[in-house]
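# Chain and residue survey
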Amino acid sequence: MIQKAENSNWWRGGVIYQIYPRSFRDGNGDGVGDIPGITASLGYVAKLGVDAIWLSPIFKSPMKDFGYDVSDYCDVDPIFGSLADFKAMVDGAHAHGLKVIIDQVLSHTSDVHPWFEESRKRKTNAKSDWFVWADAKPDGTPPNNWLSIFGGSAWTWDTARCQYYFHNFLASQPDLNFHNPEVQDALLTTVKFWLDLGVDGYRLDTVNFYFHDPQLRDNPPRAGANDHPSTQQTNPYSWQAHIYDKSRPENLGFLRKLRALLDQYRDTTMVGEIGCDDSLGRMAEYTQGGDKLHMAYSFDLLGAAHDANFLHDTFRQFGEKVGDGWPSWALANHDVMRLASRWNGNPQKLRIAAAMQLSLRGSPCIYQGDELGLEEADLAFEDLQDPFGITMWPEFKGRDGCRTPFVWESKHADAGFGSGNSKPWLPISDAQKALAVDTQDSDAASLLNFYRNFLHWRKTQRTLIDGDMALLPKHPQVFAFVRTCGAEKVLCAFNFSADAASLTLPAEMMIAEVLTATKLTGAEQTASGAGFAPWSGLIATLK
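Treat the numbers as computed from the prediction; the structure is a model and nothing was measured.

A few words on the sheet that holds strand S20 (residues 537–542). The sheet built from five strands is open, its strands ordered S13-S14-S15-S20-S17 with antiparallel pairing. Looking at which strands have only one partner, the edges of the open sheet turn out to be strand S13 (468–471) and strand S17 (511–514). For this sheet the average axis-to-axis angle between neighbouring strands, irrespective of direction, equals 30 degrees. Across five bridges, the pairing between strand S15 (residues 488–495) and S20 is antiparallel. Each bridged residue has a counterpart across the sheet, and for Val490 the counterpart in S20 is Thr541.

Okay, here's the thing in structure tokens:
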């Protein structure tokens, strides 16, 4: 029996900063962000006060879905640099006290991956069963009604094998067949490769998509309206209940294999991305028991809804299911409209959003640029790069608006993203430049410095990092909960409305000390609880 390596549980309550490599910093001046650019900017990330960075995919890829179509799991794409650049970045991050988490795309490959190129040659070869192949129906149509998230059927006809192959995303992203043990073993070998290079963990893309129903049964229609933020009502994908094409029970066995591998490496972690009809329940299922994922996140906080009622209901439902599982809460990422635009955020509102996120039980994940208050970029059709947006235009403009380059210097043509000699891969607006790091760095009242101050203060608050969480009764304006660690109890209360509000605490609770009076304004202690100005919050110890 293999002995587990030591784990400090740094990830439990640790803060993750997501870097989208194409858009963080361009180190060689070609208009595309890269690994040397990240390495040169690690001091900024460390100063922010986070514990880890998560890099979206840097693997070799034809980039039809910007790295989420992998053609070589064990090499860096030249657009980002080399393996030597990657190792230097990992060493640099560790020198700054930062852990490194990389995005691992296991559910599918690129159609130019050698595995798929061999699989598609004929129905009988060494890798013929490494992907999901199926015969056409007698009338020539696809085997079932499964749909691609990017539009249309999830099945594409291949003339070499005279069969259809399955793809949850682009036709150039064929799904691997996890029912084949050889596929699982091959993927685990690629996971080990990066662990041996020194990475501290993985963000697992589409972690509930690994297995499919081997009987290829049709998905039933969804019962009721769909308002899940991971899909759009204009996309027929949201009209189905996805019970056969993902979230299959066999997934749990593979997650246990992954965990057993990571447990051989000291202080490692895994966070899984979950998008499904019961994402909160799946988060709990995948993180319970200490033998699968360390943590998981869903799209529940990545939509437009954010009032006190929505937040209370979301965390009540999750609390009823989570058991000993552990969440990672993100308010934004590279797949959804930017936080400042979704929440129509003035600076005060964005401060309350950040304080709430960083006070929840779980491991917060901050998307690059949220600490600056960047809004969604409004791009012209001719500027689009995202195949999702190009397909769904104009009702859905895709994900490019949240992926525009990071803004470092307000006065530069490319905002300090690169050398200024090459056009950035996506345009940068003047509105974004006005929020650049150099304009906020020396401003004590800036959103950037609010994040920095709060994150460094949070490191001193064990109760906010690892304490239990209990909701206070639902309030129409104020989302409130208590974090408890040993004898210490901390009240976290946030007025998510444009009107003043008051919160009456239960009779057995009384505020002892307001902890963040210099960091959160507009709320104050009262005889029976707290009073709130619009979009204000309060964090306090209880006696």
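So, about empty space enclosed by the protein. Within the structure shown, the criterion is met by two cavities of 30 Å³ or more. For the largest cavity, the calculated volume is near 60 Å³. As for the largest cavity, its lining consists of Ile16, Trp54, Val271, Tyr297, Ser328, Ala330, Ala332, Asn333 and Cys365. Looking at the lining of the largest cavity residue by residue, the class counts come to seven nonpolar, two polar and no charged. Size it by volume and the second largest cavity reaches roughly 40 Å³. When residues in the lining of the second largest cavity are grouped by element, the largest group, three residues, is from strand S12 (residues 365–367).

Strand order in this open sheet of three strands is S6-S8-S7, and the pairing throughout is antiparallel. Strands at the two margins of the open sheet, each flanked by one partner only, are strand S6 (133–134) and strand S7 (155–158). Relative to strand S8 (residues 163–166), S6 is paired through two bridges, and the arrangement is antiparallel. Considered in S8, the bridge of Ala134 is made with Tyr164.

The rules behind these values
- Residues numbered from 1 in each chain as written.
- Predicted model: local features only at pLDDT ≥ 70, side-chain atom pairs only at ≥ 80, totals over all residues.
- Heavy atoms only, no water.
- Pairing = 2+ DSSP bridges.
- Helix = DSSP H or I, 4+ residues; strand = E, 2+ residues; numbered from the N terminus.
- Axes fitted to C-alpha atoms, helices over the stretch in contact; angles between N-to-C directions.
- 1 Å grid on protein atoms, 1.4 Å probe; cavity = no way out; pocket = protein on both sides within 12 Å on 5 of 7 lines; lining within 4 Å.
- Points joined across faces, edges and corners; volume = space filled by probe spheres on them.
- Nonpolar A, V, L, I, M, F, W, Y, C, P; charged D, E, K, R; others polar.

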